[in-house]
Every structure is written in C-alpha cells, then in structure tokens.
Amino acid sequence: MLSTKSFLLAALAAVASAAPGCKPPKATPTLPLTGGASELPAAPSNLVLKKIILGHGIQNYSCAADPTATPVAKGALAALYDITPLYPNGKPQSLSIDGFNALTSTVLWTQDLPLNLGNPAAAVAGAVLSSTQYGATTSPFKAPKDLTIPNLAPLKYAGRHYFDSTGTPNFDLTGPGNLKAHVVKKDGVAVPAGADKGPLNTGAVQWLLLGDSDLGISNGVKLVYRVVTAGGVAESCSTTGEGLSSVPYTAQYWFYG
Ligand SMILES: *[C@@H]1O[C@H](CO)[C@@H](O)[C@H](O)[C@H]1NC(C)=O
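The chain is annotated in an unreviewed UniProt entry as Malate dehydrogenase of Immersiella caudata.

The following block contains the structure:
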C-alpha cells in the first residue's frame, strides 16, 4: 500500500504533464465554462481555434460629476502573450488545466503592467493605487518583450490590444498569419464565483464573445472570446470623482477563424 506521502507525490507527478513517459492524450482545447447560470455560446464547428492569448493591461473608465453615476467603459490597452503552447496537451512546456487557468492571476499579481503610464508607480505588479492615479500617456505601448516567469516556459510577446478612434476593440497579433481582429461585442456573461477581483478588489470583468465587425479590417479571425478574466472592474464614481480612471486586468483571449 502507498504511504500518504508517496500517494501525494504520485498525484503531483500525474498533474505535471511534463513528466517524461506519461503523456496524456492530445486534448483539443475546450473553451472554459463559467459554471454559473449562463455560458457563452460555443464557436460554430466550421471555425478553428487559432491562438490562446493572455492580455495584460488596463481597462479605462470615465465618470460624470454625479457621484451616483455609473462608470462608462472607455476602452482598454493590453500587451498580448501567446499561451497556446502552455495549454495542457502533453508537450514538455504544457501546464495542468489548473495551472493554465491560474496564469491570468499569476501575471496580474506578479508582473509589472507592460505599459508606459504617466505614473510609473501604478505599473508596479500588484500596485494598490487609486484607479485615477495611472496618469495619461501618449504612447502607452512598450517595446515587444516576452514575459519570463519562474518555473514556466517564456510567454512569447504576441501583439497589442487597443480601442481605435471609433471606440472599436482591435487585436493586432504578431507572427505567422498576421492575425487581426476588429470586433464588436456579441455577448457577455457573469464571471465565475471566486473570480480574481484584482489589486483594487473591484472584481473581474465579464466574459465576452466578440465577433468580427465585418468591415474587412480583421484578418484570419472571426470570433474572439474573453474568458478567465482577473481584475479590471471600475471603481465607483463616488470613489474616483469626475474624470478618467484605469484598472489593471488580465484575461485569456481565444481567437477563432
Ligand atoms: C487609458 O488610461 C491611461 C491612463 O490612465 C491613458 O494613458 C490612456 O491614454 C487611456 N487610453 C484610452 C484609449 O483612453
């Protein structure tokens, strides 16, 4: 009979799919579920999963002078990293599903915001500054750089997420295929109970289904899902007062085309 310790060690070895000679069958990645009352619709079967991307950045909001006003979403900025190779599939660098889904929290709390902010103190990992202390900047994106996190394969830099002058979300991906998504919101659902509320303790932004704007701007992408979000919900207008605010967030973005 196995002792408790050797049983636990055996269980751990089974979780670490990197263990040689114990490759689980190749899994087709399946979109995470919220486990709540509503789920996002599945991608149509004629589309294929192109990439799973981690976004790390800020969600912007604006408040009117009235402290009872609801913050209005003013877009987002994020650097993107390719986490497709880390999905559990038996490859040496792949993680367990729990490890994979913990990446958004790990990055949010341990990695500095990969943006140039007017107030550099706000970019420090896990900074608990008021959402109004981020400071405007005219060129927010830093030079492309992979993320190196202890005990993980490097997360390869994969592009940028931003809102254009028409208020439309864009994802510009680097690498083969030059994937680009110019999308509109199709659906949104409440996050799972226990979702990571982020450093400002405001909550995790909704999970979304984004569809092609059909303006001929996207390239190789028809649908983008935003799932496994951490942080990003606005502070109340009574907290921020009138004007712009920003809240750090991370998310998994699943690109189908
Ligand atoms: C978002 O907010 C940041 C700082 O709070 C600012 O530098 C940036 O220009 C804003 N971006 C947009 C698209 O509003």
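Text resumes after the structure shown.
Chemist: Please give an account of empty space enclosed by the protein that cites residues and values.
Modeler: Under the counting rule described, the total for this entry stands at 2 cavities of 30 Å³ or more. Space inside the largest cavity adds up to approximately 40 Å³. Surrounding the largest cavity, His56, Leu108, Gln111, Leu113, Ala122, Ala123, Val124, Ala125, Gly126, Ala127 and Pro248 form its lining. Among the residues forming the lining of the largest cavity, the class breakdown is 8 nonpolar, 3 polar and no charged. When its volume is computed, the second largest cavity comes out at roughly 30 Å³.

Chemist: Please set out the site of the ligand residue by residue, giving values where relevant.
Modeler: Close contacts around the ligand come from Ile58, Asn60, Lys74, Leu77, Tyr134, Gly135, Ala136, Thr137 and Ser246, and that covers them all. Ser246 is positioned with one of its side-chain polar atoms (N or O) 2.5 Å from an oxygen atom of the ligand. Taking 360 Å² as the accessible area of the ligand by itself, protein coverage stands at 75%. Sorting the residues of the shell around the ligand by element identifies strand E1 (49-63) and strand E2 (72-82) as the ones contributing at least two each.

Chemist: Could you give me a rundown of the layout of surface pockets, with the residues and numbers involved?
Modeler: Of the volumes computed, that of the largest pocket is approximately 540 Å³. Forming the walls of the largest pocket are 24 residues, and the residues nearest its centre are Gln59, Ala73, Gly75, Phe163 and Arg226. Of all elements in the fold, only E1, E2, strand E3 (156-163), strand E4 (169-173) and strand E6 (207-212) reach the threshold of two or more residues within the lining of the largest pocket. Considering every element that reaches the lining of the largest pocket, the biggest residue donor is E2, with 5 residues. For the lining of the largest pocket, the class distribution of residues is 13 nonpolar, 7 polar and 4 charged.

Chemist: Would you mind going over the nonpolar core in detail, with residue names and values included?
Modeler: By size, the foremost hydrophobic cluster in this structure holds 26 residues, and its most contacted members are Phe100, Leu155 and Tyr225. The element that contributes the greatest number of residues to this core is strand E7 (residues 223-231), accounting for 4 residues.

Chemist: Can you tell me about the state of the cysteines, naming the residues and giving the values?
Modeler: What the rule picks out here adds up to 1 disulfide. The disulfide bridge from Cys63 ends at Cys237, spanning 2.0 Å between sulfur atoms. Disulfide Cys63 to Cys237: torsion about the S-S bond roughly -85°, handedness left-handed. In this pair, Cys63 is assigned in strand E1 and Cys237 in helix H4 (residues 237-240), connecting sequence segments 174 residues apart. A single burial state applies to Cys63 and to Cys237, both of which are buried.

Chemist: Let's hear about the pairing of E4: which residues, and what values?
Modeler: Each regular strand shows side chains that alternate between the opposite faces of the sheet. Where burial is concerned, most of E4 is hidden: 4 out of the 5 residues are buried. The antiparallel hairpin formed by E3 and E4 contains 5 residues in its connecting segment, where Gly167 sits at a positive phi of about 80°. Two strands pair when backbone bridges link them, and E4 and strand E5 (residues 180-189) are joined in this way by 3 bridges, in the antiparallel orientation. When the bridges of E5 are listed, Asn170 appears paired with His182. Two successive antiparallel strands, E4 and E5, enclose a turn made up of 6 residues, where Gly175 displays a positive phi of approximately 90°.

Chemist: Requested: an account of unusual backbone geometry, with residues and values cited.
Modeler: Positive phi outside glycine occurs at Asn178, with the angle close to 40°. With respect to the helices and strands, the residue Asn178 is situated in the loop between E4 and E5. Of note in this structure, Asn201 is not a glycine but carries a positive phi near 60°. By secondary structure assignment, the location of Asn201 is in the loop between E5 and E6. Looking at Asn201, the relative accessible area reads 55%, which means it is exposed.

Chemist: Before we move on, can you summarise the pairing of strand E8 (residues 243-256) with the specific residues and values?
Modeler: With 12 of 14 residues buried, E8 is to be regarded as a mostly interior element. Where E1 lies against E8, 14 bridges are found, and the strand directions are antiparallel. Bridge pairing in E8 links Leu54 to Gln252. One ladder, built from 7 bridges, connects E7 with E8; its direction is antiparallel. Residue Val227 lies in a different strand from E8, and its bridge partner there is Gln252.

Each value, and the rule that gives it
- Residues numbered from 1 in each chain as written.
- Predicted model: local features only at pLDDT ≥ 70, side-chain atom pairs only at ≥ 80, totals over all residues.
- Heavy atoms only, no water.
- 1 Å grid on protein atoms, 1.4 Å probe; cavity = no way out; pocket = protein on both sides within 12 Å on 5 of 7 lines; lining within 4 Å.
- Points joined across faces, edges and corners; volume = space filled by probe spheres on them.
- Nonpolar A, V, L, I, M, F, W, Y, C, P; charged D, E, K, R; others polar.
- Near = heavy atom within 4 Å.
- Polar contact = N/O pair within 3.5 Å; in protein donor to acceptor, adjacent residues only side chain to side chain.
- Areas by Shrake-Rupley, 256 points an atom, 1.4 Å probe, with all protein chains shown as cover.
- Helix = DSSP H or I, 4+ residues; strand = E, 2+ residues; numbered from the N terminus.
- Core = buried A, V, L, I, M, F, W, Y, C linked by side-chain atoms within 4.5 Å.
- Buried < 20%, exposed > 50% of the residue type's maximum accessible area, 1.4 Å probe, protein only.
- Disulfide = S-S within 2.5 Å.
- Pairing = 2+ DSSP bridges.

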